[in-house]
2 protein chains.
Amino acid sequence: MTMKIDATMKPHDQMAAYLADDMQAVSALIRERMASKHAPRIPEVTAHLVEAGGKRLRPMLTLAAARMCGYGGPYHVHLAATVEFIHTATLLHDDVVDESAQRRGRPTANLLWDNQSSVLVGDYLFARSFQLMTEPGSMPVMRILSNAAATIAEGEVLQLTAAQNLATDEAVYLQVVRGKTAALFSAATEVGGVIAGASTDQVKALYDYGDALGIAFQIVDDLLDYQGDTGATGKNVGDDFRERKLTLPVIKAVAKADAEERAFWVRTIEKGKQEDGDLDQALSILNKHATLAATQRDAHGWAEKAKAALAPLPDHDLKDMLIDLADYVVSRIS
Amino acid sequence: MTMKIDATMKPHDQMAAYLADDMQAVSALIRERMASKHAPRIPEVTAHLVEAGGKRLRPMLTLAAARMCGYGGPYHVHLAATVEFIHTATLLHDDVVDESAQRRGRPTANLLWDNQSSVLVGDYLFARSFQLMTEPGSMPVMRILSNAAATIAEGEVLQLTAAQNLATDEAVYLQVVRGKTAALFSAATEVGGVIAGASTDQVKALYDYGDALGIAFQIVDDLLDYQGDTGATGKNVGDDFRERKLTLPVIKAVAKADAEERAFWVRTIEKGKQEDGDLDQALSILNKHATLAATQRDAHGWAEKAKAALAPLPDHDLKDMLIDLADYVVSRIS
């Protein structure tokens, strides 16, 4: 342990401090495996992504799950790096799909280089993640992680068609979120338990925690898109509205819309004919139906489910931190 | 065996007939695994790709290698489907990267749907390929196929920067081709041998055959881009020139260029400032230096290497067909 932990630190910083040696090993492995002997464009793009940082929440979940379950081997590091590579590859491809210009407050790779580089370097990272996940030689781990990769892509494709369709209800939204976000959280925690040889009950508990945490995380993200400020989130308020993405606050508002409001959503989201002042109008409709508050309650509900899921796991400092983490994720909106 | 084989059939049709039952099993598995419960866009796009057909050369190589080496189990079918999924995923992403409008004589998925669908459905097929490759439970097979996926992406990224750079020489060209094309051919034949438990020498022979065949195949493809007709190839003559891709005939011409010719290549390939008549001018320079003929000789040389590589393998009908296939690949340009 190389860093001191104190109670004033944010939960993910406490975990990062507790798992400092493991996290350093993950960083070293990521740096090693994102290199390329032949194609200089690859380290350029990946270095940009690594410098942009991010909290490395997902690999930390894998490390925490493995350590909580008493794992003493070296392979949780490979699995944590696998999870981060899958995440980074999906970010590169998401930015192409969304035509994003900013990510974590910095220009995106598709803007700095081009869409081609983002697509192909993303493919490279996917392939590297699959190389990494084979190294522990555990069939269940490979099944979990390759299933997660398929579920993520499926969720992203579903979002393509569902996001601009006013018929999309909360059930479809949940399916999209389980795919594009929660699948990697739950795989991250689950493989940590599996590599540690945890019991079936404990592995299921870790899966359920990751699933609920991931859903809470995405709902908060969708909420901050209407409530946050660019400085704190690195995103522009109203991006989802401008990109015509039907997220939970809007889905709840569509369900309560009168004829005039419905016509507004049809025009702005389904048809994408947006004018000056439409974002303000959208916010005013969301407030009228109190859907931001309702969405916030949903996020808190998922955080509670995440915490409750951990019950079958033994007492452990990391268990306490995972509980705090679930609270912290939704504290951004409270 | 459900189809008759006769000597007038093309080698890949003879192989398809010989391996008819296996190929049907591969088709059924591909259809099953390209489905999606949740995202209807996925089967739409994948059905378009499957209907467009193609010869399924790469999965056939896996089946042939496994059967030649006496394999009697079921998993060569999974590996063949894996290889085809990796191939299809790269085609989807290539068409986005190249902004292609036609593939196998039909409009591309990025044109019929959009780039987003092509990127994300490609990701889905990559993930599905990784699910499939884990099923036989063979670590060497997973290593070979995940390495191939990384090498393919690396070759594609290298091509991005090398293709418009007149400093690209034949060695770099070969590296790109080994990545983007030959890596999947050699992995396809190698895993067939590995799953069958063939000897190290035989597995190496299969790898070398696939590597040389893949290189010959790509050189022929690059040559047909200057020599072929759209009806036969489903491509437009001069596509590579218009897309400013430095392929072998041009690399050889650049090496022999006088000052005026060099200026022509700098303008048309490096700077991409093309005018009417430039393709004719390019062809006339290629003919002046006889680089199309020299490229053809290279392709034949690689086909000979492919055939010679098969020596360590025992006599087998499929071995004869693989030898004929190498001749056939280059016969398109003789």
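Predicted model only: the values in this text are computed from it and were never measured.

Asks: Go over the overall build of chain A, please, and point to the residues and values.
Replies: Counting its regular elements, chain A contains 17 helices and 2 strands. Taken over the C-alpha trace, chain A has a radius of gyration of 20 Å; the compact-globule value for 334 residues is 20 Å, and the two agree within 12%. Summarising its shape, the C-alpha atoms of chain A cover approximately 60 × 50 × 35 Å along the three principal directions. Summarising the internal contacts of chain A: among those between residues at least 6 apart in sequence, 73% fall at separations of at least 24. Accessible area of chain A: about 12,900 Å², with a carbon and sulfur share of 49%. Side chains of chain A carry 34 positive and 45 negative charges; the gap between the two charge centres is 1 Å.

Asks: Describe a negative patch on the surface, with residues and values.
Replies: There is a patch of like negative charges on the surface, built from D315(A), D317(A), D320(A) and D324(A). Positionally, D320(A) belongs in helix α17 (residues 317–331).

Asks: Provide a residue-level description of the interface of chain A and chain B, including the pertinent values.
Replies: Listed as interface residues are 36 residues of chain A and, on the opposing side, 36 residues of chain B. Note on chain A versus chain B: buried area summed over both sides is about 3,500 Å², and carbon and sulfur give 75% of it. A per-residue breakdown of the area chain A buries against chain B is headed by L120(A), E154(A) and V157(A), which together make up 17% of the total. For the pair chain A and chain B, the interface holds 0 salt bridges. The tally of links from chain A across to chain B stands at 10 residue pairs in polar contact (both at pLDDT 80 or more). Elements supplying a minimum of two residues to the side of chain A that touches chain B: α3 (41–52), α5 (75–98), α7 (115–134) and α8 (139–162) of chain A. Looking at the side of chain A that touches chain B residue by residue, the class counts come to 18 nonpolar, 12 polar and 6 charged.

Asks: Explain unusual backbone geometry to me, using residue names and the numbers behind them.
Replies: The phi torsion at A290(A) lies on the positive side, around 55 degrees, for a residue other than glycine. Structurally, A290(A) can be placed in the loop between α15 (278–288) and α16 (291–309). Among the residues examined, A290(A) registers a relative accessible area of 39% and is labelled partly exposed. For R244(B), which is not a glycine, the phi torsion comes out positive at approximately 60 degrees. In this fold, R244(B) is placed in the loop between α12 (239–242) and α13 (248–255).

Asks: Could you give me a rundown of helix α16 (residues 291–309) of chain B, with the residues and numbers involved?
Replies: Because an α-helix packs 3.6 residues into every turn, residues spaced three or four apart end up facing the same way. Residue and element names in this part refer to chain B. Between its terminal C-alpha atoms α16 stretches 27 Å, which fits the 27 Å expected from 19 residues at 1.5 Å a residue. Where α16 is concerned, the buried positions are T291, L292, A294, T295, A299, W302, A303, A306 and A309. Among the structural elements, α9 (170–195), α10 (200–227), α13, α15 (278–288) and α17 (317–331) are those in contact with the buried residues of α16.

Asks: Give a description of the environment of H78(A) that names residues and reports values.
Replies: Residues and elements named next belong to chain A. Structurally, the position occupied by H78 is in helix α5. Once the C-alpha coordinates of H78 and S129 are considered, the two residues, 51 residues apart in sequence, prove to be 9.1 Å apart. If near-sequence neighbours (up to four positions away) are discounted, H78 is found in contact with L29, L132, E135 and P136.

Asks: Which residues make up the side chain of E156(B), and what values go with them?
Replies: Note on placement: E156(B) falls in helix α8 (residues 139–162). Buried charge E156(B) goes without a salt bridge, the closest partner of opposite sign being K180(B) at 6.3 Å. Dropping the residues within four chain positions of it, E156(B) is found in contact with L120(A), T90(B), D94(B) and K180(B).

Asks: Residues and numbers for the relation of the copies chain A and chain B, please.
Replies: Rotating chain A by 180 degrees and moving it 0.0 Å along the rotation axis overlays it on chain B with an RMSD of 0.0 Å. The relationship between the two copies is best expressed as a two-fold rotation axis. Take the interface residues of chain A: 100% of them recur as interface residues in chain B, which is what a same-surface contact looks like.

Asks: Lay out the nonpolar core in plain terms, naming residues and giving numbers.
Replies: Residues Y209(A), W265(A), Y209(B) and W265(B) are the most contacted members of the largest nonpolar core, which totals 228 residues. When near neighbours in sequence (up to four residues on either side) are disregarded, W265(A) contacts L166(A), F241(A), V250(A), A253(A), V254(A), A257(A), E270(A), A282(A), I285(A) and L286(A).

Asks: Lay out the packing of helix α14 (residues 259–270) of chain B against α15(B) in plain terms, naming residues and giving numbers.
Replies: Residue and element names in this part refer to chain B. At their nearest, the axes of α14 and α15 sit 11 Å apart, and the two run at 135 degrees to each other. For the element pair α14 / α15, the angle class is oblique. The handedness of the crossing between α14 and α15 is left-handed. Contacts between α14 and α15 involve E261, F264, W265, R267 and T268 from the former and D278, Q281, A282, I285, L286 and K288 from the latter.

Asks: Would you mind going over the environment of A216(A) in detail, with residue names and values included?
Replies: Residues and elements named next belong to chain A. Within the fold, A216 resides in helix α10 (residues 200–227). Among the residues examined, A216 registers a relative accessible area of 0% and is labelled buried. In contact with A216, other than residues within four places in its own chain, are A299, W302, A303, V329 and V330.

Asks: Run through the side chain of H289(A), naming residues and quoting values.
Replies: One can find H289(A) in the loop between α15 and α16. When sequence neighbours within four positions are dropped, the list of residues in contact with H289(A) reads A253(A), K256(A), A257(A) and E261(A).

Asks: Give a detailed account of the packing of α5(A) against α8(A), specifying residues and quantitative values.
Replies: Residue and element names in this part refer to chain A. Their axes nearest at 12 Å, the elements α5 and α8 cross at an angle of 15 degrees. By the criterion of interaxial angle, the relationship of α5 to α8 is roughly parallel. The element α5 and its partner α8 pack so that their crossing is right-handed. Contact residues: L79, T82, V83, I86, T90, D94 and V97 in α5; V141, L145, I152, E156 and L160 in α8. Taken together, the residues of the contact of α5 with α8 break down into 8 nonpolar, 2 polar and 2 charged.

Cut-offs used in this document
- All residue numbers refer to positions counted from 1 along the written sequence of the respective chain.
- The lettering of chains begins at A and the numbering of ligands begins at 1, in the order of writing.
- Thresholds applied to this predicted model are a pLDDT of at least 70 for local features of residues and 80 or more for the giving and counting of side-chain atom pairs; totals over whole chains, interfaces and linings are not thresholded and use all residues.
- Each side-chain value is worked out from all heavy atoms of the structure, with water and hydrogens disregarded.
- Under the scheme used here, helices are H or I runs from DSSP no shorter than 4 residues and strands are E runs no shorter than 2 residues, and both carry numbers assigned from the N terminus.
- Here the globule rule reads 2.2 Å times residues to the power 0.38, and the radius of gyration is calculated from C-alpha atoms.
- Contacts were defined at the residue level, with two residues in contact if any of their heavy atoms lie within 4.5 Å.
- Only the protein chains shown count as cover for residues, and all accessible areas are computed by the Shrake-Rupley method using a 1.4 Å probe.
- This count recognises Lys and Arg as positive and Asp and Glu as negative, with His and chain-terminal groups excluded.
- Working definition for charges: the position is that of NZ of Lys, CZ of Arg, CG of Asp or CD of Glu.
- Patches here: salt-bridge-free residues with over 30% relative accessible area, like charges joined within 9 Å, nonpolar side chains (Val, Leu, Ile, Met, Phe, Trp, Tyr) joined within 5 Å.
- Salt bridge, as used here, is a side-chain nitrogen of Lys or Arg placed within 4 Å of a carboxyl oxygen of Asp or Glu.
- Once two parts are joined, some of their accessible surface, as seen by a 1.4 Å probe, is lost; buried area is that loss totalled over both.
- In the analysis that follows, any N or O atom pair within 3.5 Å is treated as a polar contact, provided that within protein one partner can donate a hydrogen and the other can accept it, and provided that, for residues neighboring in sequence, both atoms belong to side chains.
- Each residue is assigned to one of three groups, with Ala, Val, Leu, Ile, Met, Phe, Trp, Tyr, Cys and Pro labelled nonpolar, Asp, Glu, Lys and Arg labelled charged, and all others, Gly among them, labelled polar.
- Only protein chains enter the area calculation, which uses a 1.4 Å probe; residues under 20% of their type maximum are buried, those over 50% are exposed, and those in between are partly exposed.
- Every helix has an expected span of 1.5 Å times one less than the residues it contains.
- The fit set for superposing copies consists of C-alpha atoms from residues with pLDDT of at least 70 in both; the fit itself is least squares.
- For this analysis, a nonpolar core means a set of buried residues of the types Ala, Val, Leu, Ile, Met, Phe, Trp, Tyr and Cys, connected via side-chain atoms within 4.5 Å.
- The convention used is that axes are lines fitted to C-alpha atoms, helices contributing only their stretch in contact, and that angles between N-to-C directions extend from 0 to 180 degrees.
- For classification, angles of less than 35 degrees are called roughly parallel, those exceeding 145 degrees roughly antiparallel, those between 65 and 115 degrees roughly perpendicular, and all remaining angles oblique.
- Helix crossings get a hand from a simple test, with the near helix turned counterclockwise from the far one by less than a right angle marking a left-handed crossing and a clockwise turn marking a right-handed one.

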